[in-house]
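Summary of structural features
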Amino acid sequence: MSSQPGPGLPFLPGCSFRDPMKTCFHRSQTLGYKNGYAFSRLPTVGIGGERLYVNQLSQAELDELASQRPTLTYGQVKRAPPSGFIPAHVAFDKKILKFDAYFQEDVPLSAEEHYRIRQVCIYYYLEDDSMYVIEPAVPNSGIPQGKHIRRHRVPKNDHGEHYHWKDLNRGMNITMYGRTYRIVDCDRFTQEFLESQGIEVNPPEKMAFDPYTELRQMPVHKYITPSDFDQLKQFLTYDKQVLRFYAMWDDTNSIFGENRPYIIHYYLADDTVEVREVHKQNDGRDPFPVLIRRQRLPKTFVDKQKTFPTCVMEISDEEVLEWYTAKDFAVGKYTTLLGRNFFIYDCDEFTRNFYRDKFGITDFQPVEIKKKPPQEVQQIIPPYNGFGILEDTLQNCFSLFPKPPRKDVIKMLENDNKVLRYQVALESPNPEDRKRRFILSYFLSNDMISIYEPPVRNSGIIGGKYLRKTRVAKPGSTTENATYYGPSDLTIGSTIEVFGHRFVITDADEYVLNYMESNAGSFPEATLQSLRDHFHPKQVVKEPDNSDMPKLGTSKQEPDELIVRVQEELKPHKHLNNKNIQEAFLQCDKDGSGVLDKANFLSLCESLSVPTNTTLLNELIDQCSCGENQINYRDFLRAFPL
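Quick caveat: nothing in here was measured; it's all calculated off a predicted structure. (Residues numbered from 1 in each chain as written. Predicted model: local features only at pLDDT ≥ 70, side-chain atom pairs only at ≥ 80, totals over all residues. Heavy atoms only, no water.)

Comments concerning the pattern of salt bridges
Scanning the model with the defined rule gives 27 salt bridges in all. Note that Arg-118 is salt-bridged to Glu-135, the shortest N-O span being 2.6 Å. Of this pair, Arg-118 sits in strand β6 (residues 115-125) while Glu-135 sits in strand β7 (residues 130-135); the two residues are 17 residues apart in sequence, bridging distant segments of the chain. In this structure Arg-118 comes out as buried when scored by relative accessible area, which is 8%. When the shortest N-O distance is used, the salt bridge between Arg-436 and Glu-453 registers 2.7 Å. A residue pair is termed long-range when its members are at least 10 positions apart, and Arg-436 in the loop between α9 (431-434) and β20 (437-443) and Glu-453 in strand β21 (residues 448-453) qualify at 17 residues. (Salt bridge = Lys/Arg side-chain N within 4 Å of Asp/Glu carboxyl O. Helix = DSSP H or I, 4+ residues; strand = E, 2+ residues; numbered from the N terminus. Buried < 20%, exposed > 50% of the residue type's maximum accessible area, 1.4 Å probe, protein only.)

See below:
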């Protein structure tokens, strides 16, 4: 219940009275709904039910509006149905007014600038009349930029009023929170919206720019400086720009040399060169990535005096007449770097573009590198030093870890424990050594020879083993074509040389004769005959049954004498190789019968250049004939002993 003073009375106790007609003291409802949307309305009555005339039409105005009707010639106009109510946050959703503005900021602590112009953008949101101010970021400005005023309703004055879109226009100042912004322009949507609402939009103004920023963007005055100061410009221009070339170093002329790939880097920033190795998986090389470290490489030196040292710690500009530059490298050409010749066969894409723009070079065809076939080095086998067996010693020339030579296992099994024994005498100028007798044993399983001297009492010579089992090479034998003594060379009366000592064969076991006669096809007839002649005075040797083999005749002296005469006649023919002749006849006799057709025999003699047109050879061929057009070539080969 409220009380009010009487007319002309002060509002003091005892001077006020209460109106008994006022019984309702609540506030009027100002919120409501229409078409499903909430809206606010102005109150019509105040507290106590008193009518409010503020913002209300008078009765006269209401009557005038009610009496006014539009009149037309053809009668009253039909009233249009009331349009649906659309609230502001729906009608103006996502509709924003954008204004370009700037403000001036004082700079008191700088000698280069006294004020600063900062450009901003003002956004006005029509849906809720909020505003938002942001400054676009400028790179390298050094000033915190971005949001200046967050989005909200910006107060206009101290009376509680806020900025409305009707208060914004081009060419005007607006103060927000003590900072004055000059609006110079707006976008097209903003201009069309203001004009649609009946606001005359001012012409746009030119945006103000910061004088210090404009000063920094002005081109710097160029001064002509000496070439010594161009290194900084070169570094700033070509920093991190590197030319890459693919090269090959041919070092095959040196021992253990080869073709090795490399990558040459040329740094444009300081004209330095680096050579890097190209490693492959399992290439067997130490992982050193750099062959030549990054440095300036000299191309031409100044003429040196004789007193100038050839080895110096560093090379200065006074000693070098010309350094390597980018123009000295080209695809398909050789480049000498610190004494090594590198052949450049390709480059990368950046290098091609640089040479195309800088020097106008367009030919960058890669060169195909063909690997040279390895030169075959003939292995020179050193002469035999006399130690050990020749085959064992020869393995040291073929491998770092020598392996024992392969053995003929089949021969060892067939001839196991088969030994041919001979009695030999030492051929020496000393009378004491002439009386010494030795036992020479030839082992058929491995073709080795051992010599044993039987001890003789009161001879003054200690007997025993004279030579252990070893293979004995013939005089004149070489390491490439080594020939050893075999059973065919051990005839009665022949001389063999064993490591510088000469021995004469004087006797043999009867087993030697029996073994050779049982294998007569493997031994020459001269060896058999020498053994037969040696044993004939002692005993009658039973000749082997060779009834199927054709004989020369009943008399042995006549064919032997003829063979000796044929050998004397063939001595001038030094081109004849008895070994090749015997091998050719054995290969031609495929069934091993020892007999060949006369036509095949003569053609084979002609291919071996045997002079069959002589009288003695024709007589020998006639004696070797058996049957019609058949020749026993084994009897014929007695004239060609090994």
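Comments concerning unusual backbone geometry
Backbone geometry at Asn-35 places phi at a positive 55 degrees, although glycine is not the residue there. Inspection of the secondary structure puts Asn-35 in the loop between β3 (31-34) and β4 (37-40). Residue classification places Asn-35 among the exposed residues on the basis of a relative accessible area of 55%.

Concerning the sheet that holds strand β5 (residues 96-106)
Where strands meet in a sheet, backbone hydrogen bonds hold them as pairs that are either parallel or antiparallel. Ordered by their spatial adjacency, 6 strands build an open sheet running β8-β7-β6-β5-β10-β9, and the pairing between neighbours is antiparallel. In the strand order of this sheet, the two ends are held by β8 (146-152) and β9 (172-176), each with one partner. Across the sheet, the mean angle from the axis of one strand to that of its neighbour is 30 degrees, orientation sign disregarded. As paired elements, β5 and strand β10 (residues 179-186) share 4 bridges and run antiparallel to each other. Bridging from a neighbouring strand, Tyr-102 pairs with Arg-182 of β10. Across the face of the sheet, helix α3 (residues 188-196) comes into contact with β5 and β10 while running at roughly 110 degrees to β5. (Pairing = 2+ DSSP bridges. Axes fitted to C-alpha atoms, helices over the stretch in contact; angles between N-to-C directions. Contact = heavy atoms within 4.5 Å.)

Observations concerning the nonpolar core
Within the largest apolar cluster, 27 residues are counted, with the highest numbers of intra-cluster contacts made by Leu-420, Tyr-422, Leu-440, Ile-451, Phe-503 and Met-516. Secondary-structure elements contributing two or more residues to this core are β19 (419-427), β20, β21, β23 (495-498), β24 (501-508), α10 (510-518) and α11 (525-535). Setting aside its immediate chain neighbours within four residues, Phe-503 contacts Val-424, Ala-425, Leu-426, Phe-438, Ile-451, Tyr-466, Ser-494, Thr-495, Ile-496 and Val-498. Ile-581, Leu-604, Cys-605 and Leu-616 belong to the second largest nonpolar core, which has 24 residues in total. (Core = buried A, V, L, I, M, F, W, Y, C linked by side-chain atoms within 4.5 Å.)

Digging into the packing of helix α13 (residues 578-588) against helix α14 (residues 598-607)
Axes are the key here: two packed helices are described by the angle between their axes and the distance separating the axes. Running from amino to carboxyl end, α13 crosses α14 at an angle of 150 degrees, the nearest separation of the two axes being 11 Å. The handedness of the crossing between α13 and α14 comes out as right-handed. Counted together, Ala-584, Phe-585 and Cys-588 of α13 and Phe-601, Leu-604 and Cys-605 of α14 form the full contact between these two elements. (Left-handed = near helix turned anticlockwise from the far one by under 90°.)

Considering α3
All of the buried residues in α3 are Thr-190, Phe-193 and Leu-194. The arc that holds every buried residue of α3, seen down its axis, measures 95 degrees, which confines them to one face. Residues of α3 that are exposed and angled more than 90 degrees away from the buried face: Arg-188 and Ser-196. A positive backbone phi angle near 85 degrees is found at Gly-198, which sits one or two residues after α3. (Arc of directions from axis to C-beta.)

Quick notes on the packing of α10 against α11
The N-to-C vectors of α10 and α11 enclose an angle of 140 degrees; their axes lie 10 Å apart at closest approach. Here α10 lies oblique to α11, going by the angle between them. Handedness of the crossing formed by α10 with α11: left-handed. Residue-level contacts link Glu-510, Val-512, Leu-513, Met-516 and Glu-517 of α10 to Thr-527, Leu-528, Leu-531, Arg-532 and Phe-535 of α11. Taken together, the residues of the contact of α10 with α11 break down into 6 nonpolar, 1 polar and 3 charged. (Parallel < 35°, antiparallel > 145°, perpendicular 65-115°, else oblique. Nonpolar A, V, L, I, M, F, W, Y, C, P; charged D, E, K, R; others polar.)

A look at the packing of aromatic side chains
Applying the stated criterion to the full structure yields 26 aromatic pairs. Between the aromatic rings of Trp-249 and Tyr-262, the centroid separation amounts to 6.2 Å while the plane-to-plane angle is 50 degrees, which identifies the pairing as tilted. Within this pair, whereas Trp-249 is found in strand β11 (residues 242-250), its partner Tyr-262 is found in strand β12 (residues 259-267), the two being separated by 13 residues in sequence. This pair shows no difference in class: Trp-249 is buried, exactly as Tyr-262 is. Relative to Phe-640, the ring of Phe-636 lies with its centre 5.5 Å away and its plane at 45 degrees, an arrangement referred to as tilted. Assessed through its relative accessible area of 0%, Phe-636 is described here as buried. Put simply, the rings of Tyr-238, Phe-245, Tyr-266, Tyr-324, Phe-329, Phe-354, Tyr-355 and Phe-359 touch in pairs and so form one group of aromatic residues. Sitting over the ring of Tyr-484, Arg-471 keeps its end group 4.0 Å from the ring centre. (Phe/Tyr/Trp six-rings, centres within 6.5 Å; stacked < 30°, edge-to-face > 60°. Lys NZ or Arg CZ within 6 Å of the ring centre and 35° of its normal.)

The quantities given are spatial measurements derived from coordinates; they are silent on function.
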